[in-house]
Structures are given as structure tokens and as C-alpha cells.
Amino acid sequence: MKLLFVAACALLVLCTFDRADSSAYDKIVAHSRIRARKEGPNVCALQQVMGTKKKYFSTCRNWYQGAICGKKAIVLYECCPGYMKIDNMRGCPAVSPIDHVYGSLGLVKATSTQRYADMSKLRPEIEGPGSFTFFAPSNEAWENLDKSVKEALVSNVNIELYNALHYHMVNKRLLTKDLKNGMKVTSMYNDLDLLINHYSNGVVTVNCARIIYGNQVAKNGVVHVIDRVISAVGNTIQDVIEIDDDLTTLDGVAQTAGLLEKLGQAGHFTLFAPTNEAFEKLGSDVLERLQSDKEVLKALLNFHILDSVQCSEAIMAGSTYETLEGNNIEIGCDGESLTVNGIKMVRKKDIVTTNGVIHLIDQVLVPDSAKLVMELMGSSQSIFGDLVSELGLSASMRQDAEYTLLAPLNVAFSDEVMSMDQSFLKIILENHILKNKLILGQLYNGQQLETIGGKILRVFIYRTAVCIENSCLIRGSKEGSNGALHLMKTLLKPAEKTMFEILTENGEFKIFLSLMEAAGLIDVLKQEGDFSLFAPSDTAFAGLTSSDLNLLKNDINALRTILLYHINDGVFIAGGLEPRVTNLLKSFQGSNLKVVIGNSTIQVNSVQVPESDVMATNGVIHFVNQVLYPEDIPVGSQDFLSLLRRLIRYMQIKFIPGFRYQEIPLTFLSSQYSVSSGTTNIGLEGADLSEIEWDANIDTERLTRIIQKGSLRGNAPRKVLANRRRGRV
């Protein structure tokens with residue numbers, strides 16, 4: 001039943017609330033009638049906030065949550081507008097009598113307004129001929145009016161009270177369907193405008209006063225009951241800023257940014273106006289920095305402005321709105337309080353102007369575009385931020401220069417990483433800070449990025465991922481005033497060696513390297529390029545005899561077919577491939593490799609990859625412990641079939657007597673390398689580490705192992721060492 005109810009609500013929203021000018025108020029009232037149909041004819045279901053007198057024809061969202069502005073709401077059943085009860089009859093079967101406007105005030109229980117109409121001599125006018133719209137304050141609205149204001153009105157009933165009531169009237173009939181969002185209607189007091197807003201949640205406001213009972217049709221017009229007494233509006237937002245003593249700092253800032261005059265122009269704006277106290281909370285240094293850059297200051301102020309009027313009474317739950325700066329803020333409510341981005345910061349709400357509304361706030365909203373790059377980091381990157389500061393890197397980042405932070409998440413900093421020597425950690429962190437500002441949209445495949453440490457990082461673009469070296473970006477990139485921030489899954493390590501050097505120094509790929517040499521393919525592992533290699537370890541060839549190896553080497557086309565099936569053009573790292581689907585990678589042999597990424601696992605042709613994303617200057621290596629073979633290629637020799645069956649245990653190999661392997665064009669080989677078909681074995685003992693550029697005391701193999709170990713599995717941080725701060729959680 002709950003799902004059915006939600007579906008029905010969703011359908012109603014899609015069908016009726018997409019356009020405010022389709023009379024959202026009338027349709028939400030109709031929906032309230034549907035909710036109360038079991039109570040009898042013409043009964044509407046309303047929600048009343050507990051502990052208050054505030055009642056709403058509520059949306060599906062509020063109805064389902066049982067709350068308004070985060071406060072529990074009880075359900076009331078009342079006669080829908082225009083209907084009445086009859087004794088001993090179910091529901092509200094009677095239509096309300098149609099009277100003149102004065103009499104209708106009594107029908108809708110706006111008796112205080114009716115009494116003031118008597119006192120001010122307005123009664124004859126609203127009993128007589130004409131076509132009026134009366135926005136009548138409820139009895140509670142008059143009770144809540146400032147005592148001194150009410151006394152001033154009542155003490156001069158023939159002028160002040162009469163004029164005040166005339167300001168609540170329009171000299172033509174306007175039903176709620178006629179009250180369009182953003183329209184202005186001329187009041188009967190000095191032709192001053194009334195500002196109408198008709199919101200998609202069904203709320204209709206007049207100068208930000210909410211219509212709580214609408215469309216009481218009268219012989220000479222219509223009455224709408226509103227929840228507050230409204231006053232004449234003559235100032236623009238600019239005027240309010242210039243005359244309010246609590247907004248002097250905002251006045252100066254807006255003038256410096258060149259935005260003050262804009263706020264004096266015609267429009268429909270909402271300004272969240274920081275008070276003087278709010279600017280003081282920023283600190284003089286921050287405020288001085290902001291004021292020194294006009295574009296940053298302009299972005300800061302535009303982040304406080306909406307290109308729409310959002311009255312407080314129209315906000316029944318949190319919703320996001322785009323600011324003039326371009327990014328969104330969330331406006332919500334908590335009981336009677338308005339919230340911005342979940343924080344109660346609105347000191348005064350609904351200062352209505354001729355071109356919008358102002359809400360005073362006690363905090364300055366600082367958009368990412370006005371922040372320094374180090375200020376962009378959040379709690380999930382706190383360890384990186386703390387280390388950058390502790391090791392002196394942030395102090396060396398000039399405010400007048402631009403940077404990009406590639407910030408790993410906290411989980412990337414395991415105890416093993418945190419226990420490293422500080423000089424070693426500093427090198428790692430330098431690899432995560434780029435010299436220039438690069439936003440997400442500026443990254444492209446094959447792009448080379450220079451770090452502040454002088455290292456080069458490569459960019460790889462995939463269908464659903466953007467990766468830099470061995471790590472991929474996750475959602476949450478930000479752009480600041482002097483840089484950009486991208487969140488990374490794991491620690492980065494710039495590639496230092498070719499595939500050939502990595503496999504040689506590893507020492508567990510001697511057989512594969514000797515076969516590559518015999519096939520004349522060894523230079524593929526040495527030359528420049530962007531390749532992916534699934535490198536079979538010596539374990540993959542376990543059990544083969546020297547005669548078996550000679551059999552492999554004797555048929556050069558067969559050997560190349562097998563070896564080239566392990567290599568493809570393009571750098572494909574685990575994080576860049578789509579999870580839980582089959583990723584087809586075309587090998588140099590011509591057939592596809594089938595790669596599947598699961599939960600912390602990677603398989604190629606159903607073969608487990610024990611270690612992935614070993615970055616090389618000419619590509620990436622994934623280690624496998626089985627030889628891979630293209631399933632669409634048969635074998636024509638029984639001896640060769642027997643050998644392959646001992647090597648390849650994850651699939652059935654086809655046998656076609658007499659089949660011969662075809663020669664594969666080696667177009668991928670660089671012209672500077674010659675193709676050799678010799679059978680010289682490579683001696684791999686005693687790998688030479690003399691080319692490593694880092695400090696001789698740095699354990700590069702340990703670094704590589706630590707970083708690569710987290711590339712796929714995402715190691716969770718263990719217990720923190722006592723002498724190393726782990727940052728915020």
C-alpha cells in the first residue's frame with residue numbers, strides 16, 4: 001500500500017506541479033479532498049504543525065513524512081473552501097452562501113478584518129457594487145502584528161487603517177488560478193503593487209504572506225485569507241542595503257564588486273544578506289583577501305542571490321536552488337527557522353522589496369569559487385590536507401599561483417604509509433599537487449601533467465571514469481579561486497620504468513621475457529607507447545621442460561599468437577573499467593580479452609589477476625599466473641595441443657588437424673627497433689637499480705608495493721601510530 005501511495009503521489013506531481021501557472025494551489029486542494037474522501041463529501045485533509053496553529057494543504061512529500069519543516073504534523077479534516085457542514089449529515093454537503101465581500105469575511109472567520117472594516121468606514125464600499133479581491137488577514141495575523149503598529153492603525157481609523165485595508169485589496173476579481181508566479185497586481189492604495197508568487201508546492205503568497213484559505217467567492221468579488229498583515233513596499237533590495245545600519249559591510253562589498261546597482265534593478269531576486277557580524281566572523285585577513293580580487297568578490301556575493309523569489313512560508317522542506325554564481329544552495333526549514341545548507345543562520349526573514357525578498361543571515365556563504373585551493377578539502381580528505389600542511393607544502397603554495405590537488409581519500413593512508421619517513425611522504429604528496437589549475441572538463445586522454453616535484457603524470461579517459469596513472473577520480477571535484485581539487489581513490493605513483501625494466505627487476509617473469517625475445521617481440525616492452533600487458537609469471541609455465549619451451553619457440557607464428565594475445569593497445573587500469581560487466585579489450589593478436597571487474601577482484605578470461613595496475617612509462621602491467629589463449633584460434637598439432645592443455649587450464653582448446661598459425665603484422669613496433677627472431681635467452685639475475693632518480697635511502701620497491709597494493713583493493717586504514725596524526729573523520 002505504501003508503494004502504491006508513493007506512486008500515486010509521484011504521478012500527481014508529474015502531472016500537475018510542473019508549472020506553477022497551472023494553479024498548483026487548486027490542484028493541491030483537490031488532492032487534499034482525495035485524501036479525505038472517506039470522511040464524506042467535500043472534506044479536505046490538512047496537516048497542522050504540532051504546537052502551532054499553522055495548517056497546510058500539504059504535498060505528497062510532507063504527507064508521507066508526516067512532517068512540515070521537520071516538525072511532526074497532525075492530520076485535520078475540515079470543509080474544503082466554499083463548503084459547509086449541516087447538522088447530522090456526514091462530511092460537508094452544503095455550499096457556502098454567496099454574500100458580498102463584507103459578509104464573506106465572516107464566513108471565512110476573518111472577523112478581526114471584518115471589525116476593522118467597520119471601524120474604518122470601509123464596510124459600505126465592500127458591501128456595495130464592484131468586483132474586488134480582498135487579501136484578508138486572519139484573526140491570528142492581527143494578533144501577531146506588532147503592538148505599536150496595530151495601535152497606530154487603530155488610533156487613526158479614518159486614514160491609516162482605511163489605507164492599510166485598501167492596500168490588501170485589488171479592484172478586480174482574482175481567483176487563485178489567476179494569481180501567477182512573479183506577477184504584480186495594483187492595490188487600491190495609491191496604486192502600489194502587491195507581489196504575487198505561486199509556487200509549485202501549491203503555496204500562494206502576497207508580499208510573502210501565505211494564502212491559507214482561498215477562493216471564497218462573493219457577489220462583488222472574492223476573499224482570500226492570508227496569514228499576516230502586509231505593509232506597503234516601496235524600496236528595492238539596493239535601497240534596503242544602503243539604509244540598513246546592520247548591512248554597511250555588505251553595502252561596501254557590493255559596491256566594490258559592482259553588484260549594488262544590479263540589486264536596484266527590476267527583477268525577482270532572493271538575497272541572503274550577511275550582516276556586519278557575519279562578515280566579522282570571516283576574519284580581517286580573509287575579508288581583505290576577498291576584497292582584493294573583484295571577480296572572487298563578485299562570485300561571493302552572487303552565491304547569496306537567487307534569480308527567483310523564495311518567501312519563507314513557501315518552504316515546507318529542503319530544496320536546492322541555483323544561485324547567480326552558478327552553484328546550488330539548499331534552502332530548508334526547521335520549525336519556524338529557515339536554514340541554508342542545513343544550518344540555522346537566518347536572523348530575519350521576508351523583508352519584501354519591489355524586486356524581491358531579503359533574508360538576513362549571520363554567516364557569510366563562501367562558494368568554492370571564492371576559496372583558496374587548500375580550503376576546498378573536506379573531511380574525507382583531511383589526512384592529505386593535514387600532511388600537506390605538516391610537511392610544509394601548503395606554506396610554499398603562493399596565493400597568486402594556481403595549483404591542482406589530487407587528494408586521496410583518508411582510507412588510502414594506511415598505517416604502513418603513515419609510518420614512512422617524512423622525506424619519503426613528502427615525495428608522495430608532491431606527486432599529488434600539479435603546477436597548474438585544471439578542472440575536470442580540461443582533462444583529456446594522453447594528457448601529461450607536471451607535479452610540483454617535477455614528475456609527469458598521465459591522464460586516461462574511459463567511458464565512465466577519468467584516471468590519472470594508477471588512480472581514478474571519484475565524484476566531488478571542486479574549483480577554487482586559485483586551483484582545483486579532484487578526489488582520488490588511491491595514492492598516485494608516477495611511472496619510472498618501462499615494462500621491460502619492471503619485469504626484469506621483478507625476477508618472476510624470466511620465461512615470459514625469454515619467449516618475447518625468441519619471438520622478436522621484446523622491444524614492445526621497451527619502446528615508447530601506451531600498452532596494457534597481462535604478464536604471465538613463471539608460475540604460469542610451471543612444469544614445462546626445455547623441450548616444451550623449444551616446441552613453443554620453433555613455431556614463431558604460434559608463439560607470437562600466444563604472446564601478442566596478452567598485449568593490447570591502450571592503458572587500461574582496473575578502476576577505469578566498468579564493474580560487473582564484460583570489458584572487451586582487443587589484443588595485438590586480434591582477438592578480444594574479456595575483463596571483468598568485481599568486488600576487489602579483476603579477472604581476464606575468467607583467470608584471476610593477483611596484482612593489477614603496475615604502472616610503467618609505456619603502459620600498465622597486470623600480473624597473471626596462467627597463460628592466456630584466444631578461444632577462437634584452434635590448434636593443428638597434437639603435440640602442441642598437449643603442451644597448451646598443460647599450460648591453459650581455464651578453457652577447452654579447439655583442435656583442427658593441419659591448422660597453421662598465420663603471420664601477424666608487427667605494425668605496433670616502433671621503427672627504431674628491429675624485429676628479431678632469434679632464440680637468445682635473457683639473463684635476469686642481478687637487476688640494475690642505478691637509474692632510480694630518488695634518494696638512495698628511499699626504498700622504491702617498498703613504495704611501489706604499498707601503493708599498488710591499494711590500487712584495486714582499497715586497503716582500510718589500520719591503527720594509527722602514536723606519533724602520526726590521522727586527521728579528522
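Now for a description of the structure that goes with this document. Predicted, not measured: the structure shown is a model, and the values here were computed from it. (Residues numbered from 1 in each chain as written. Predicted model: local features only at pLDDT ≥ 70, side-chain atom pairs only at ≥ 80, totals over all residues. Heavy atoms only, no water.)

1. Brief notes about the overall build of the chain
For step 1, the next point in the chain: A tally of regular secondary structure across the chain gives 23 helices and 36 strands.
For step 2, the next point in the chain: Burial analysis of the chain (729 residues in total) assigns 53% to the buried set.
For step 3, the next point in the chain: With an accessible surface of roughly 32900 Å², the chain has 48% of that area assigned to carbon and sulfur atoms. (Helix = DSSP H or I, 4+ residues; strand = E, 2+ residues; numbered from the N terminus. Buried < 20%, exposed > 50% of the residue type's maximum accessible area, 1.4 Å probe, protein only. Areas by Shrake-Rupley, 256 points an atom, 1.4 Å probe, with all protein chains shown as cover.)

2. Thoughts on the packing of helix H19 (residues 510–518) against helix H20 (residues 546–554)
For step 1, the next point in the chain: For the pair H19 and H20, interaxial distance at closest approach is 10 Å and the crossing angle is 35°. Crossing hand, H19 versus H20: right-handed. Residue-level contacts link Ile511, Ser514, Leu515 and Ala518 of H19 to Leu549, Leu552 and Lys553 of H20.
For step 2, the next point in the chain: Considered class by class, the residues forming the contact of H19 with H20 number 5 nonpolar, 1 polar and 1 charged. (Axes fitted to C-alpha atoms, helices over the stretch in contact; angles between N-to-C directions. Left-handed = near helix turned anticlockwise from the far one by under 90°. Contact = heavy atoms within 4.5 Å. Nonpolar A, V, L, I, M, F, W, Y, C, P; charged D, E, K, R; others polar.)

3. Quick word on the sheet that holds strand S21 (residues 356–361)
For step 1, the next point in the chain: As summarised here, the arrangement of the 4 strands in space is S15-S14-S21-S20, forming an open sheet in which the pairing is mixed. Strands with a single pairing partner mark the edges of an open sheet, and in this sheet they are strand S15 (305–306) and strand S20 (346–353).
For step 2, the next point in the chain: Both S20 and S21 contribute to a ladder of 5 bridges, which runs antiparallel. The residue bridging Thr353 from the neighbouring strand is Gly356, located in S21. (Pairing = 2+ DSSP bridges.)

4. What about unusual backbone geometry?
For step 1, the next point in the chain: Even without being a glycine, Cys208 presents a positive backbone phi close to 70°.
For step 2, the next point in the chain: Within the element layout of this structure, Cys208 appears in the loop between strand S11 (204–206) and strand S12 (209–218).
For step 3, the next point in the chain: Looking at Cys208, the relative accessible area reads 3%, which means it is buried.
For step 4, the next point in the chain: The phi angle at Asn341 is positive, at roughly 55°, despite the residue not being glycine.
For step 5, the next point in the chain: Along the chain, Asn341 turns up in the loop between strand S18 (337–340) and strand S19 (343–344).

5. Things to note about the state of the cysteines
For step 1, the next point in the chain: According to the stated counting rule, one finds 5 disulfides in the structure shown.
For step 2, the next point in the chain: Linked covalently through their sulfurs, Cys44 and Cys80 form a disulfide whose S-S length is 2.0 Å. Measuring the twist about the S-S bond at about 110°, one finds the Cys44-Cys80 disulfide to be right-handed. Taken as a pair, Cys44 in strand S1 (residues 43–49) and Cys80 in the loop between strand S4 (71–79) and strand S5 (83–84) lie far apart in primary sequence, 36 residues in all. Grouping residues by exposure puts Cys44 and Cys80 together as buried.
For step 3, the next point in the chain: Two residues share a disulfide in this structure: Cys467 and Cys472, whose sulfurs sit 1.9 Å from each other. Between Cys467 and Cys472, the disulfide has an S-S torsion of 80° and is therefore right-handed. (Disulfide = S-S within 2.5 Å.)

6. Concerning the pattern of salt bridges
For step 1, the next point in the chain: Counted under the stated rule, the structure contains 24 salt bridges.
For step 2, the next point in the chain: With a shortest N-O distance of 3.3 Å, Asp178 and Lys177 are connected by a salt bridge.
For step 3, the next point in the chain: Looking at Lys177, the relative accessible area reads 44%, which means it is partly exposed.
For step 4, the next point in the chain: Each of Lys54, Arg210, Glu313 and Glu336 takes part in one network of salt bridges that share partners. (Salt bridge = Lys/Arg side-chain N within 4 Å of Asp/Glu carboxyl O.)

7. Describing the packing of aromatic side chains
For step 1, the next point in the chain: In total, this model carries 8 aromatic pairs according to the counting rule given.
For step 2, the next point in the chain: Ring geometry for Phe640 and Tyr661: centres 5.9 Å apart, planes at 65°, overall edge-to-face. You can see Phe640 sitting in helix H22 (residues 638–647) and its partner Tyr661 sitting in the loop between H22 and helix H23 (700–713), a full 21 residues away along the chain. Of the two residues examined, Phe640 and Tyr661, each falls in the buried class.
For step 3, the next point in the chain: A centroid spacing of 5.5 Å and a plane angle of 75° characterise the contact between Phe659 and Tyr661, whose relative ring orientation is edge-to-face. (Phe/Tyr/Trp six-rings, centres within 6.5 Å; stacked < 30°, edge-to-face > 60°.)

8. Quick word on the nonpolar core
For step 1, the next point in the chain: One finds Leu503, Leu525, Leu552, Tyr629 and Leu644 to be the most contacted residues of the largest nonpolar core, which totals 66 residues.
For step 2, the next point in the chain: Residues in contact with Leu503, not counting those within four places in the same chain, are Phe509, Phe512, Leu513, Leu525, Leu533, Ala535, Ile621 and Phe623.
For step 3, the next point in the chain: Leu263, Ala273, Leu287 and Ile305 belong to the second largest nonpolar core, which has 28 residues in total. (Core = buried A, V, L, I, M, F, W, Y, C linked by side-chain atoms within 4.5 Å.)

9. Considerations on the sheet that holds strand S33 (residues 602–604)
For step 1, the next point in the chain: Read from one edge of the open sheet, 4 strands run S31-S32-S33-S34, paired in antiparallel fashion. Because the sheet does not close on itself, it has two edges, and the strands there are strand S31 (582–586) and strand S34 (607–608).
For step 2, the next point in the chain: Two strands pair when backbone bridges link them, and S33 and S34 are joined in this way by 2 bridges, in the antiparallel orientation. The partner of Val604 across the bridge, within S34, is Val607.

10. Structural notes on the side chain of Ser537
For step 1, the next point in the chain: Relative to the assigned elements, Ser537 resides in the loop between strand S29 (531–536) and H20.
For step 2, the next point in the chain: Ignoring anything within four residues of it in the chain, the contact list for Ser537 reads Glu508, Phe509, Val624 and Asn625.

11. Examining the pairing of strand S14 (residues 269–274)
For step 1, the next point in the chain: Within S14, 6 of the 6 residues are buried, leaving the element largely enclosed by the surrounding structure.
For step 2, the next point in the chain: On S14, burial covers both faces: Phe269, Leu271 and Ala273 on one face and Thr270, Phe272 and Pro274 on the other are all buried.
For step 3, the next point in the chain: Looking at chain direction, S14 and S15 are connected through 2 bridges and run antiparallel. Its bridge partner lying in S15, Thr270 is registered against Leu306.

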